[in-house]
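Each chain, letter by letter, is given below.
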Amino acid sequence: MIVPFKPGVSLAPTDGPLIETEHLVLRRWRDADIAPNTAMLSDPDSGRFITADGKPVTDEFFGWRNAAVMAGHWALHGFGLFVVEEKGSGKFAGRVGPWLPRGFPGLEVGWGIAPEFRGKGYAVEAARASIDWTFATLEIDEIIHLIRPENVASQKVARRLGAAIERQVELFDHVTDLWVTRRDAWTARPKP
């Protein structure tokens, strides 16, 4: 439910930035993204690798809370995971972008693509655009990608991005590979 504002009342704008790629639009979160984000997280593979407890999100409230965390990161830090929207259909295709939750070993660009949009190259396309934006916007020399060893699909994305495993860390009670994308290597790479 969206509660309307009284006439003449407005809040600070919540739009921008907006990134367009060949097939995708990367944008900030909206109320309409809660249900498809929850549906994505209800998928066993998505839940296993995206949620902190490794379990699918099957409850509407927890889906709302997850989307609120994503949107709240933008409010607290001025950046965060973008909603990935398929340009042709306007549908929620996933989320990708930079974020730095408390306790993380560095600023991560992470990705999660909804099951019906997997296999189209969207994770790589969105992650490339997000990494470009992150290096252009933030004063950092490296971006990490936290990927569990059994998450073969995300490992393939990381390799296509040119990232390399640097070490393993403990994250949410799981051994996790810490992949790194360095600014100097990223900016020197041939553009696809």
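The model shown is predicted, which means the values in this text are computed figures rather than measured ones. Going along each chain's sequence as written, the residues are numbered from 1 onward. Local features in a predicted model are, by the rule used here, given only for residues with pLDDT of at least 70; side-chain atom pairs are given and counted only at 80 or more, and totals for whole chains, interfaces and linings are based on all residues. The basis for the side-chain values is all heavy atoms of the structure; hydrogens and waters are excluded.

1. Digging into the packing of helix α1 (residues 34-42) against helix α3 (residues 60-77)
Rule in force here: Helix axes use the C-alpha atoms of the stretch in contact, all axes being lines fitted to C-alpha atoms, and the angles between their N-to-C directions lie in the range 0 to 180 degrees. To qualify as a helix, a DSSP run of H or I must reach at least 4 residues; to qualify as a strand, a run of E must reach at least 2; elements of each kind are numbered from the N terminus. Should an angle fall under 35 degrees it is called roughly parallel, over 145 degrees roughly antiparallel, and 65 to 115 degrees roughly perpendicular, with every other angle called oblique. Whether two residues are in contact is decided by their heavy atoms, any of which lying within 4.5 Å being enough. Gly is placed with the polar residues, together with every amino acid not listed as nonpolar (Ala, Val, Leu, Ile, Met, Phe, Trp, Tyr, Cys and Pro) or charged (Asp, Glu, Lys and Arg).
In contact at an axis separation of 9 Å, α1 and α3 are set at 110 degrees when each is read in the N-to-C sense. Taken together, the axes of α1 and α3 lie roughly perpendicular to each other. On α3, the residues that touch Ile34, Asn37, Thr38 and Leu41 of α1 are Gly63, Trp64, Asn66 and Ala67. Taken together, the residues of the contact of α1 with α3 break down into four nonpolar, four polar and no charged.

2. Thoughts on the nonpolar core
Going by this rule: As used in this record, nonpolar core signifies buried Ala, Val, Leu, Ile, Met, Phe, Trp, Tyr and Cys residues forming a set joined through side-chain atoms within 4.5 Å. Think of it in three bands: with a 1.4 Å probe and only protein chains considered, a residue is buried below 20% of the maximum accessible area for its type, exposed above 50%, and partly exposed in between.
Formed by 52 residues in total, the largest nonpolar core has its most connected members in Leu26, Val96, Trp111 and Leu161. Counting residues per element, this core draws most heavily on helix α4 (residues 122-137), which supplies nine residues.

3. Quick notes on the packing of aromatic side chains
What counts is decided by this rule: Centres within 6.5 Å make a pair out of two Phe, Tyr or Trp rings, where for Trp the six-membered ring is used; the pair is then stacked when the planes are under 30 degrees apart, edge-to-face when over 60, and tilted otherwise.
Taken as a whole, this structure holds nine aromatic pairs when the rule is applied. With 5.2 Å between their ring centres and 70 degrees between their planes, Trp74 and Phe82 make a pair best called edge-to-face. Given a relative accessible area of 4%, Trp74 falls into the buried group. For Phe82, a relative accessible area of 0% puts it in the buried group. With centroids separated by 5.8 Å and ring planes inclined at 70 degrees, the aromatic side chains of Trp99 and Phe104 adopt a geometry described as edge-to-face. Here Trp99 matches Phe104 in class, with each residue buried. Taken together through their ring pairs, the aromatic side chains of Phe61, Phe62 and Trp64 make up a single cluster.

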